[in-house]
Amino acid sequence: MLSIYLHIPFCQSKCDYCDFFSVAVPHPRFANYPALLHQHLELAARQPEWQGPVHSVYFGGGTPSLLTASDIAALLNSIDNGFGLATDVEISLEANPGTLSLAQLQGYRAAGVNRLSLGVQTFDNQLLQQLGRRHDAQDSRQAVMLARQAGFANLSLDLMFALPGQTLPALREEIRNYLELAPQHFSCYGLTAEPDTPLGAAVRNSHTTLPDEELYADAFLTLHDALESAGYRHYEIANYAQADFACRHNLVYWQRQPYMGLGAGAHSFCDIDWGQRRATANDLDAYHAALQTNTDPAETLETFNRQTAMAEALYLGLRTRQGVSEEAFRTRFGTGVASAFPSALTELANRLELQDGYWRFRPHDWLLFDRLIQAFF
Ligand SMILES: C[S@@+](CC[C@H](N)C(=O)[O-])C[C@H]1O[C@@H](n2cnc3c(N)ncnc32)[C@H](O)[C@@H]1O
Ligand code: SF4
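Predicted model, so just to flag it, every value in this text is computed and none were measured.

The rules behind each value
Residues numbered from 1 in each chain as written. Chains lettered and ligands numbered in written order. Predicted model: local features only at pLDDT ≥ 70, side-chain atom pairs only at ≥ 80, totals over all residues. Heavy atoms only, no water. Pairing = 2+ DSSP bridges. Helix = DSSP H or I, 4+ residues; strand = E, 2+ residues; numbered from the N terminus. Phe/Tyr/Trp six-rings, centres within 6.5 Å; stacked < 30°, edge-to-face > 60°. Buried < 20%, exposed > 50% of the residue type's maximum accessible area, 1.4 Å probe, protein only. Lys, Arg positive; Asp, Glu negative; His and termini not counted. Salt bridge = Lys/Arg side-chain N within 4 Å of Asp/Glu carboxyl O. Contact = heavy atoms within 4.5 Å.

The subject of this paragraph is the sheet that holds strand 17 (residues 358-360). Taken in spatial order, the three strands line up as 15-17-16 in an open sheet, and their pairing is antiparallel. With one partner strand each, in any of the chains shown, strand 15 (324-325) and strand 16 (353-355) form the two edges of the open sheet.

The following block contains the structure:
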């Protein structure tokens, strides 16, 4: 079983908070990019470590909806030829409101995309502008309507919280707006001021203030309560889904299963020995140059040993509501979690619980995740 991630590092313009690898179009490397992805795929299909069938494909970005439906159809066709698509394959595509027509969405659906992730972010037009988004609230509503009309029955919305000046009543109003659209899935991200972004600079210079830790925690728990009451399961720190709509592709990351990344700036996890992480550089020229000479553009970032693999399995698995299966851990590593990490278990005695064979944190402890997880490293 394999999952494939395709990184599309192009956007109409850069949002003020975003430090994901993407460049603004027009860009000289844009037109040829799908051809490079095909070449990358052909190269990967000859590597014995990547074995199909493929059970999830994710077009992420950047803005994958800058590619045409025929680009997407051709890439899916090549993936099918190279690896084989499972009959129930989940195929996700990230799309930005304000850039989508009905015909384009119908084209994606006909190409085989069956899950659409829309970057709504907020319904507050003033905040959208302040964050450097190109769309408004009405564009988001329209995008959801068109996606449904085009036949998408699995919609995810990106929601950002802890926005500048956002109070709890304002967040509750936001949540009401989101729930009216009744998507199957939400990804919820607290706004982070990444250092190398205009937002990072504005926060450093005190031109913008983000909510403090206490308000952040209240916002996280407000979201948790409201979305769970509306029937969405908080299945991972940042993700909520209706029954049967958890994102299969993302579960692969948290369960430490293999995935292959294609494109400049894409990451891969390869399941050889204790595992290996690889990445292609955030560099479109280097990506182009490597493929011109038929060279694998990916470099190995980390090769795991048993100890680092065990710690990573916990780091990833404890982000999920399901948690880490004691039995699966024992089968993989030949030891149980408690005997592998005795001092971490003592340190986390009141937080980490073993229930029905799974180790897990409670959702409100996820707020402390970055601190708590250090016990395993
Ligand atoms: C890589 S973006 C791709 C989605 C798509 N390009 C869009 O903007 O609609 C994935 C999501 O990450 C979130 N994100 C990006 N930067 C963030 C930041 N600094 N803080 C919080 N969330 C962020 C946004 O919600 C965004 O929709
Ligand atoms: S948030 Fe999305 S649209 Fe904005 S710059 Fe990042 S990837 Fe591009």
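There is more to say, and it comes next.
As enumerated under the stated definition, the model contains 17 aromatic pairs in all. A ring pair is formed by Phe 161 and Tyr 216, whose centres lie 5.3 Å apart and whose planes are at 45°; its orientation type is tilted. With Phe 161 in strand 7 (residues 155-161) and Tyr 216 in helix 8 (residues 213-229), the pair connects residues that are 55 residues apart, well separated along the chain. Residues Phe 361 and Phe 369 carry aromatic rings whose centres are separated by 6.1 Å and whose planes lie at 85° to one another, so their mutual orientation is edge-to-face. With relative accessibility at 1%, the residue Phe 369 sits in the buried group. By the ring-pair criterion, three or more aromatic residues cluster together here, those being Phe 10, Phe 30, Tyr 33 and Tyr 287.

This part is about the side chain of Asp 158. For Asp 158, the location among the structural elements is in strand 7. Although buried, Asp 158 forms no salt bridge, and the nearest oppositely charged side chain, Arg 133, lies 7.1 Å from it. In this view, Asp 158 contacts Ser 117, Leu 118, Gly 119, Val 120, Gln 121, Tyr 178, Ser 187 and Tyr 189; residues no more than four positions away in its chain are not counted.

Okay, the pairing of strand 1 (residues 2-8) next. Within strand 1, seven of the seven residues are buried, which leaves the element mostly enclosed by the surrounding structure. What you see with strand 1 is no split at all: Leu 2, Ile 4, Leu 6 and Ile 8 on one side and Ser 3, Tyr 5 and His 7 on the other are buried throughout. Sheet topology note: the strand 1/strand 4 (residues 54-61) ladder contains seven bridges and is parallel. Within strand 4, the position partnered with Ile 4 by the bridge is Val 57.

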